[in-house]
Every structure is written in C-alpha cells, then in structure tokens.
Amino acid sequence: MQDPLMIGGVTLTSRLFIGTGKYSRNTLIPEVITRSGSQVITVALRRVDPESSDNIVSHIPSHMTLLPNTSGARTAEEAVRIARLARSAGLGNWVKIEVINDQKYLLPDNMETIRATEVLAAEGFVVLPYMSPDLSAALRLKAAGAAAVMPLGAPIGSNRGLQTKELIRILISETDLPVIVDAGIGRPSEAAEAMEMGAAAVLLNTAIATASDPLLMAEAFRAAVSAGRKAYLAGLGPVEETAAASSPLTGFLA
Amino acid sequence: MSFYETMTRLEQLPYGTLWSRYTAEDVKRALRAEQVDEEGLMALLSPAAEPYLEEMAQKAHRLTRTHFGHVMQLFTPMYLADFCVNHCTYCSFSSIYDFPRKKLTLEQVAREAETIAATGLRHILILTGESRRDSPAGYVRDCVDVLRGYFSSVSIEVNPLSTAEYAELREAGVDGLTLYQEVYHQETYRTLHVKGPKRVYRNRLDAPERGCEAGFRSVNIGALLGMYEWRQEALATALHARYLQDKYPECEIGLSTPRFRPYLGEFNPASDVTDRALVQIILAYRLFLPRSGISLSTREPAALRDHLVQLGITKMSAGVSTEVGGHSLEGGTPQFEISDNRSVAEMAEMLRSQGLQPVFKDWDILSEPLGLSRQAGLA
C-alpha cells in the first residue's frame, strides 16, 4: 500500500518519529531505528558534542532524516539560536521548535513558538513546532510557515496517553497541516488511537527508551502506528449507542 | 514576599512533637498521591516513613527514569580562589585558619580548564571563597570569559551577590547558580557563622531568588546536612525549592544533599545524618519534586554513591579536587575531604555498568555578547 507522508520535500514511508534521549547507552539507537522502521529521529542539540568519542549523532545512520530540537530553549531567541547552531553543525535544515518556560510540567509556550517559527521558516528551515493543542495557535503556526504541527498528547515523559484527544481531533479536522502527535504517548495502543484519529504521524521517546526491552517496544510501536494508519484509511465503522440488528425486522417494507 | 516568611512559619511549628504525629497511614497516602503536598512531604520525612523506604525507593526510581531516563549528568567543581572573610565554624576556608591562600591567574584558569576538559566533561561549577575583595564578581566574570572556550555550561558557587551582579554574570555566559543555605534554622545559623557578612541570614536565604530574578537557567540549593536536625533542614530545603519553582517556573530548581565532612578544624556537628537518613531525604525530595534535578557530591563514599544512583539522583560530580587549582597545580588546601576519589572515566564506567548513560554535555552557552539574538525580527 503506497501511503507516503510528505514533509518539507521529503517522502516518508514510516509515520513513527522517534527520539534519542533517555537511553541507557547510545549504541542502542541504531537497533531501535531498525526495529521501529522510523525514518525521522529527533536529537537535542544540547546533547550533541562533536568532540566526544560517543557523539550521539554518530550513532544515527545516514539514511535518517535528522530533526534537531531546541530542547532547553526558554524563549524564541534561544530557540532561533539553537536552530542556527544545529544547521551550522551540519544537522540539516529540519528543526523541532521546543520552547518551554514551565519547568514543572514542561508545557510548551505557544506564543514564543510562533515567534521562533516565523523567523526560522523565513530562513528556510523546515519547522515542526511542538505545541499545546490550540487551534488558534495552530493556524498562526501555519501562517508563520510551519511544515507541520506537533501537539502534545500529555506532558513530556508522562506516558499518560492522549489526554488532549478532543483538542487534537479539532486540529486534525480544522487544519490542513500534518498533525504529528508528540509527547505523552506511553503505549502502542495510544499511538494506534492517534493514527486512527487521523494524525499524520506520532513522535515518541520515553515509551521506547524506558521500556524494559526497548527493541521489542520499538517493534510494537511500528506495528501499532501502521495498524492505526490502516484503520484510518479504511474508515472506521460508526459507533452506535444501541445494538444494530444485522437482520432488520422491517426490511420487508422496502 | 520571600521564602523568609515561610521559614518564619516553619520555625513556629512544634517540632518537638511534630514528627511523631505522622502515622503509617499518612506515609501510605503520600505514596499514593499524584502530587505530594507539604503534609505528604512531612510524612515522608517523618520516623513513620522509615519502614517504607523500599516503597519510596521503588516509586522514586520509577519517577526518575520516566522524567530523566537512564542518563546521569556529570560535572566537576573548579576552585578559583580560597580567600574568605568569614568565620564559619565548619569550613577549612574560614578566615581564622592560617594557610597560604591562593587565587588563580587567568592563565592558571586556562590550564586548569584544559586539564578538566580533557576528561570529556563539558559542565563546570566554579567556586571561590567568600571575599568580595579578593574574588569579586568582576574576577569571576573574567574567569568565565576564559572558561567559555572550554566548556558548554558554566555555573557558579560564590558569595551571595546582588540581582544586578548575577544578571551581569548571566550575560557573561554563566548558566547556573549553586548556593547552599548551609543551615536553615536561624538560631543555629547565627551560632555557626561567627564573623563576616555571611552572618546576615536573609542575605543568603534570598540570594537564590535573586539568581532566579536575574535569569539563570538553573538554581541549585541545599542544606549542609548535619548542622541541625536533618528532618527540619530537609523540609525547609524542599519547601524552598518548591517556592522558587512555583514563583520562577522558567528556572530549573535543583537540590543537593551535602553531608558534613572532616575539614581543618575540630567542629563536631550536632546532628548525625546516617546513610538511612540520607536515603530518606533523597527519596522524599524526589517524590515531592518529581522533575527537579538532585545532585550528589563526592562527599559521599564510592560504595554509597553506587547505590544512590538508582534512587533519584540525576547529577553527580566526578574527578573532584576541592583545592584551588587542584587539577593542574600542586599544594593547595582542600575545603573539605572528599570520599570518592574516582576519575571521570571510572565514574562513567560505574554508571555504564549500572545501565546508566553518563552525559558530559547537556547544554550550550547561548548568551551572545555581540547581540546576535536581537537580529531577525526578534528585537
């Protein structure tokens, strides 16, 4: 089945984006990539150390699309600076904007995110902003030049699932940008649910990196995302409040 | 409003009978809580929690792995100067001790930085004795200018400064502030700090808040455990951290758990903080503040540190010298005796053997003296 996702001029056949943080060792990353089938991987620039023998980027195969993120940025200015550093470090022109001012819940600052998106999209970056699922913000991000929007399902690292489901449903319905559910997804079933709803992709890290068997979990998410996407394309049957008889009693009237 | 008001309230609590008020049910309630409140914190610090250390540890471990993953940030302190104008009864740098004081030249700072950076560390915490005359903010700023060439993040642990001075250092590229209250209990504080500006309790208590106001990315606080009753001191530290986190949500508030260590003098602390007590404190901090970093220093012995890495700790020092220029010069006086002498490489190996990834770099200094960040429509 041909069902590619196009973002920033790149054709993706996998709709599972993964992360690089929280692993017990960086050498797990290549195998996680293989088992997950993912083609896009986010990496925090703040963890990238080109001078280190264990530089995180050296563990990422060259066929992957790198999505450097601005983790640690508190303002639009910092996010812009980090994105420029990432590009000048040779990490490409994709960037996931992460502007977080709230160290308690790690919720994104949509206003600052929009400001950073305006600047970076104008500079030719493929901008994927991490955001709180708010329709007005999503529309402004689109106007600012975002290539997709990445609403959170629940706070980062919480594994709480799709707590913001209704808001994400509105984003999917009302924007024509790809909606990539990012953060909060803890179980493959939740990834499948996001895809069934019509999300273009999901991004997750904690659920795989902190699983007892990260490689098996990577496989589980690969299957779940694929299943959810197929279900969405197949068109889910309607949900009825009462039982619907398969042999109607009034059929003779037709 | 300052944390001083909270301290005043805390000191009116009937500490003599307070801790025995908590029961096993209170501890279980705190363990079940989605978010531990002040009452829950007190239950977790109380004697009633002692039989529940394992349950606390299991939850603390899970919370830490969820929020921080399998990583441990490493850093090391660099002592720039040991001149001090205070007499604190528990510190080798006290002005009453007669030993050749040192202050690194900028060339020596560079040599020291080069030696430390060669170990792979990219995070540095610079320290001075408390002397505005010998190691003023301007000297620290000059050192930071040198250190930026070697490290991706520079934090300071110096005498309390004004908000303007902190802001100046932040502009110069300092990311973080560490400042220990040493003793939260006011009467004990006055007794232990005999002479010098450090006697002014509120100047020190409010300094972390001034650091938050000045815009440091991280502010790390702690009590020197052993100077007063540890349950009260841990309670004050945790509430201070929450106060700062609530008021300055953009700042990462971290906690440290230093225990008293032998030094030049003969002061014996009033409170003996056992290993079990230290564990209870770390676990209570983690359950109360699930996303806050918790640092563990080389004051603790290697064997204990190896166990504590699974209980909530997120940052550790490694390859430590508490002497001025201790990495590249000879013959300094240590501020206190450390217990874990392992090198950075040995620490990293220990962490890997426990399924943890040592992280040497977790930030880049982003301050731009040239004003680059004001370009591109962001002014």
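Residues numbered from 1 in each chain as written. Chains lettered and ligands numbered in written order. Predicted model: local features only at pLDDT ≥ 70, side-chain atom pairs only at ≥ 80, totals over all residues. Heavy atoms only, no water.

**What about the overall build of chain B?**
Our working rule: Each helix corresponds to a stretch of at least 4 residues labelled H or I by DSSP, and each strand to a stretch of at least 2 residues labelled E; elements are numbered beginning at the N terminus. Radius of gyration here is computed from C-alpha atoms only, and the compact-globule reference equals 2.2 Å multiplied by the residue count raised to the power 0.38. Type-normalised accessible area, obtained with a 1.4 Å probe on protein chains alone, sets the label of each residue: buried when under 20%, exposed when over 50%, and partly exposed for intermediate values. Whether two residues are in contact is decided by their heavy atoms, any of which lying within 4.5 Å being enough. To measure how exposed things are, a 1.4 Å probe is used in the Shrake-Rupley method; for residues, cover is taken only from the protein chains shown. In this tally, Asp and Glu contribute negative charge and Lys and Arg positive charge; neither His nor the terminal groups of the chain are included. Charge positions are represented by NZ for Lys, CZ for Arg, CG for Asp and CD for Glu.
Along its length, chain B carries 15 helices and eleven strands. Over its C-alpha atoms chain B spans a radius of gyration of 20 Å, differing by no more than 12% from the 21 Å that the globule rule assigns to 379 residues. For chain B, the spread of C-alpha atoms along the principal axes amounts to about 60 × 45 × 45 Å. Out of the 379 residues belonging to chain B, those deemed buried represent 63%. Counting only contacts in chain B whose residues sit at least 6 apart along the sequence, the fraction spanning at least 24 positions is 77%. In the structure as shown, chain B presents an accessible area of about 14,300 Å², 51% of it carried by carbon and sulfur atoms. A gap of 2 Å separates the mean positions of the 41 positive and 49 negative side-chain charges of chain B.

**Some words on the overall build of chain A**
Counting its regular elements, chain A contains eight helices and ten strands. Relative to the 2.2 N^0.38 estimate, which gives 18 Å for 254 residues, the radius of gyration of chain A is 19 Å and therefore close to what a compact globule would have. Looking at chain A as a whole, 56% of its 254 residues qualify as buried. A fraction of 65% describes how many contacts in chain A between residues 6 or more apart in sequence connect residues 24 or more apart. Taken as two groups, the 22 positive and 25 negative side-chain charges of chain A have centres that lie 3 Å from each other.

**Side note on the packing of aromatic side chains**
To be explicit about the condition: To pair, rings of Phe, Tyr and Trp, with the six-membered ring standing in for Trp, must have centres within 6.5 Å; the planes then decide the type, stacked if under 30 degrees apart, edge-to-face if over 60, and tilted in the middle. For a lysine, the NZ atom is tested; for an arginine, the CZ atom; a charge sits over a ring if that atom is within 6 Å of the ring centre and within 35 degrees of the ring normal.
Counted by the stated rule, this structure contains six aromatic pairs over all chains. Seen in terms of ring centroids, B:Phe3 and B:Tyr184 are 6.4 Å apart; in terms of plane orientation they differ by 85 degrees. Their pairing is edge-to-face. With a gap of 181 residues between them, B:Phe3 in helix α1 (residues 3-10) and B:Tyr184 in the loop between β5 (174-178) and α9 (186-192) connect regions that are remote in the sequence. Note on accessibility: B:Phe3 and B:Tyr184 belong to one class, buried. B:Phe3 gets classed as buried once you look at its relative accessible area, which sits at 1%. Every member of this aromatic cluster is reached through a ring pair, and the members are B:Phe3, B:Tyr184 and B:Tyr243. Its guanidinium or amino end placed over the ring of A:Tyr130, A:Lys96 lies 5.2 Å from that ring's centre, counting from NZ or CZ. One Lys or Arg, B:Arg217, reaches over the ring of B:Trp363 and ends 3.4 Å from the middle of that ring.

**Notes on helix α5 (residues 53-68) of chain B**
Residues and elements named next belong to chain B. So the rule is basically this: How far a helix is expected to stretch is found by multiplying one less than its residue total by 1.5 Å.
The end-to-end C-alpha separation of α5 is 21 Å, in line with the 22 Å expected for 16 residues at 1.5 Å each. Where α5 is concerned, the buried positions are Leu 53, Met 56, Ala 57, Lys 59, Ala 60, Leu 63, Thr 64, Arg 65 and His 67. Residues of α5 that are buried make contact with α3 (24-32), α4 (38-45) and α13 (275-288).

**Concerning the nonpolar core**
Put simply, the test is: Here, nonpolar core refers to any group of buried Ala, Val, Leu, Ile, Met, Phe, Trp, Tyr and Cys residues whose side-chain atoms link them within 4.5 Å.
If you look at the biggest cluster of nonpolar residues, it comprises 129 residues, and the most contacted ones within it are B:Ile126 and B:Ile156. When residues in this core are grouped by element, the largest group, ten residues, is from α13(B). Setting aside residues up to four positions removed in sequence, B:Ile156 forms contacts with B:Leu125, B:Ile126, B:Val140, B:Tyr166, B:Leu169, B:Val174, B:Gly176, B:Leu177, B:Thr178 and B:Phe216. Of all hydrophobic cores here, the second largest spans 63 residues; its members include A:Tyr23, A:Ile33, A:Ala83 and A:Ile97.

**A look at the state of the cysteines**
All names here are of chain B. Which entries qualify depends on this criterion: Note on disulfides: each one is a pair of cysteine sulfur atoms within 2.5 Å.
Scanning the model with the defined rule gives zero disulfides over all chains in all. Sulfur of Cys 84: no disulfide; nearest cysteine sulfur belongs to Cys 88 and is 5.9 Å away. Free of any disulfide, Cys 251 has its nearest cysteine sulfur in Cys 212, 4.0 Å distant.

**Description of the environment of B:Arg148**
Residues and elements named next belong to chain B. Note on placement: Arg 148 falls in the loop between α7 (137-147) and β4 (153-157). Relative accessible area serves as the criterion here: at 26%, Arg 148 is assigned to the partly exposed category. C-alpha separation for the pair Arg 148 and Met 227, spaced 79 residues apart in sequence, amounts to 36 Å.

**A short note on the packing of α5(B) against α13(B)**
Residues and elements named next belong to chain B. We count it as follows: Lines fitted to C-alpha atoms define the axes, with helix axes restricted to the stretch in contact, and inter-axis angles between N-to-C directions lie between 0 and 180 degrees. These descriptions rest on fixed angle ranges, namely under 35 degrees for roughly parallel, over 145 for roughly antiparallel, 65 to 115 for roughly perpendicular, and the rest for oblique. When the near helix sits turned anticlockwise from the far one by under a right angle, the crossing is termed left-handed; a clockwise turn instead gives a right-handed crossing.
At a minimum axis separation of 9 Å, α5 and α13 run at an interaxial angle of 45 degrees. Classified by the angle their axes make, α5 and α13 are oblique. In terms of crossing hand, the pair formed by α5 and α13 is left-handed. On α13, the residues that touch Leu 53, Met 56, Ala 57, Lys 59, Ala 60, Leu 63, Thr 64 and Phe 68 of α5 are Arg 276, Gln 280, Leu 283, Ala 284, Arg 286 and Leu 287.

**Thoughts on the pairing of β4(B)**
All names here are of chain B. Let me state the cut-off plainly: Only strands joined by at least two bridges in the DSSP assignment are considered to pair. The handedness of a crossover follows from its direction of travel: if, with the strands pointing away from the viewer, the path from the first strand over the helix to the second runs clockwise, the crossover is right-handed.
Of all five residues in β4, five are buried; the element is thus mostly enclosed. Taking every second residue as pointing to the same face, both faces of β4 are buried, with Ser 153, Ser 155 and Glu 157 on one and Val 154 and Ile 156 on the other. Two elements, strand β3 (residues 123-128) and β4, share five bridges in a ladder whose sense is parallel. Bridge pairing links Leu 127 to Glu 157 in β4. Crossover connection from β3 via α7 to parallel β4: handedness right-handed. Looking at chain direction, β4 and β5 are connected through three bridges and run parallel. Within β5, the residue paired with Ile 156 across the bridge is Leu 177. A crossover connection joins β4 to the parallel β5 through helix α8 (residues 163-171); in handedness this β-α-β unit is right-handed.

**A short note on unusual backbone geometry**
Even without being a glycine, A:Asn159 presents a positive backbone phi close to 55 degrees. When you line up the elements, A:Asn159 lands in the loop between β8 (150-151) and α5 (165-174).

**So, the interface of chain B and chain A**
What counts is decided by this rule: Salt bridge, as applied in this entry: a Lys or Arg side-chain nitrogen positioned within 4 Å of an Asp or Glu carboxyl oxygen. Any pair of nitrogen or oxygen atoms within 3.5 Å is treated as a polar contact; in protein, a donor-acceptor pairing is required on top of that, and neighbouring residues in sequence qualify only through side-chain atoms on both sides. Ten residues, namely Ala, Val, Leu, Ile, Met, Phe, Trp, Tyr, Cys and Pro, are considered nonpolar, four, namely Asp, Glu, Lys and Arg, are considered charged, and the remaining ones, Gly among them, are considered polar.
Counting residues at the interface gives 33 residues for chain B, matched by 41 residues for chain A. Counting across the chain B and chain A interface gives eight salt bridges. A salt bridge links A:Arg160 to B:Glu34; the nearest nitrogen and oxygen atoms lie 2.4 Å apart. For the pair chain B and chain A, the number of links is 25 residue pairs in polar contact (both at pLDDT 80 or more). Taken together, the elements giving at least two residues each to the side of chain B that touches chain A come down to α5, α12 (230-247) and β11 (357-359) of chain B. In terms of residue count, the dominant contributor to the side of chain B that touches chain A is α5(B) (four residues). Of the residues belonging to the side of chain B that touches chain A, the class tally is eleven nonpolar, nine polar and 13 charged.

**So, the confidence of the model for chain B**
Residue and element names in this part refer to chain B. For clarity, the cut-off: Along the chain, pLDDT gives the predictor's confidence residue by residue, from 0 to 100.
Residues at a pLDDT of 70 or more form 95% of chain B, whose mean pLDDT is 90. Note that residues 369-379 has pLDDT below 50 and, in this model, 16 contacts with residues that lie over four places away or in other chains. Our summary of model confidence lists the complex with pTM equal to 0.90 and ipTM equal to 0.85.

**Observations regarding the pattern of salt bridges**
In a structure, side chains of opposite charge can pair up when their charged atoms sit close to one another. Residues and elements named next belong to chain B. If you walk through the whole model with that rule in mind, you get 42 salt bridges over all chains. In this structure, Glu 209 engages Lys 247 in a salt bridge whose closest nitrogen and oxygen atoms are separated by 2.7 Å. Here Glu 209, found in helix α11 (residues 207-214), pairs with Lys 247, found in helix α12; they are 38 residues apart in sequence, far enough to count as distant. As a salt-bridge pair, Asp 340 and Arg 342 come within 2.7 Å of each other at their nearest N and O atoms. With relative accessibility at 1%, the residue Asp 340 sits in the buried group.

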